[in-house]
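Chain by chain, the residues:
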Amino acid sequence: MPLAPGDDAPTVTAPNQDGETVSLAPAEPTVLYFYPKDDTPGCTVEANQFQRERETYADAGVDVYGVSTDDVDSHRSFCESEGLEFDLLADPDAELAAAFDVEVRNGKPARTTFLLADGEVKAVYEGVDPDGHAREVLRDALEDGFVTLPE
C-alpha cells in the first residue's frame, strides 16, 4: 500500500532524461506520478496531458515529475518523441517506488500519483485512468487549497 496523506514525503534522488541528478525534498508543491512504461498508449496519454497542463501547474507553483523503471535513454527518447518539457526520473532498480511504497509488478510500477507539499503527502491517486488525470490532480490541488493560481 503506498504512502498515505499525512505521511512524510521521502527525500529521493534519481537521474532525469538528461542523466542529471534530481533531488526531491518536496517542501514546495510537487506532483510525482509513477507510470509503467515509456512509449505505451496509456503512459503516452498521461505524459502528454501533464505536458499540456505544464504551464498551469507552473503558474500554480507546482513541479511535475514522472517516474518509471525505464532507464535514462528510454526517458530521453520518450521526451524527445512527445515534446515533454518536464523531468522523467529513471528508477530502474525501483528505489523510488520502494520509497513511496508503490507496488511494482513484473518490474513496472503501478500507476500511482502523489501530490506533495510542506514535506508531506497531501493526496494519493491509485489505479489512475491516464485520460484526464493531469487535470484532475490540478483541480484537486486548487480546490483543496494546496496551491492557488495568480489572478
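Refer to the structure presented above.
Residues numbered from 1 in each chain as written. Predicted model: local features only at pLDDT ≥ 70, side-chain atom pairs only at ≥ 80, totals over all residues. Heavy atoms only, no water.

> Please explain the pairing of strand 5 (residues 87-90) as it appears in this structure.
On a regular strand, one side chain projects to one face of the sheet and the next to the other, so that they alternate. Where burial is concerned, the two faces of strand 5 agree: the one with Asp87 and Leu89 and the one with Leu88 and Ala90 are both buried. Bridge analysis of strand 4 (residues 63-68) against strand 5 gives four bridges, and the strand direction is parallel. From the neighbouring strand, glycine 66 faces strand 5, where its bridge partner is leucine 88. The handedness of the strand 4 to strand 5 crossover, carried by helix 3 (residues 72-82), is right-handed. (Buried < 20%, exposed > 50% of the residue type's maximum accessible area, 1.4 Å probe, protein only. Helix = DSSP H or I, 4+ residues; strand = E, 2+ residues; numbered from the N terminus. Pairing = 2+ DSSP bridges. Right-handed = clockwise from strand over helix to strand, strands pointing away.)

> It is not clear to me how the nonpolar core should be interpreted in this structure. Could you clarify?
A general feature of soluble globular proteins is that nonpolar side chains tend to end up buried together. If you look at the biggest cluster of nonpolar residues, it comprises 24 residues, and the most contacted ones within it are Val31, Tyr33, Phe50, Tyr57 and Leu88. If you list the elements that add at least two residues to this core, you get strand 3 (30-34), helix 1 (41-52), helix 3, strand 9 (120-126) and helix 5 (133-143). When residues of this core are assigned to their parent elements, the largest contribution, four residues, is made by helix 5. Not counting the four nearest positions on each side in its chain, tyrosine 57 is found in contact with Val31, Phe50, Val62, Val64, Ala134, Val137 and Leu138. Counting 19 residues, the second-largest nonpolar core is a separate cluster that includes Ala14, Leu24, Val102 and Val121. (Core = buried A, V, L, I, M, F, W, Y, C linked by side-chain atoms within 4.5 Å. Contact = heavy atoms within 4.5 Å.)

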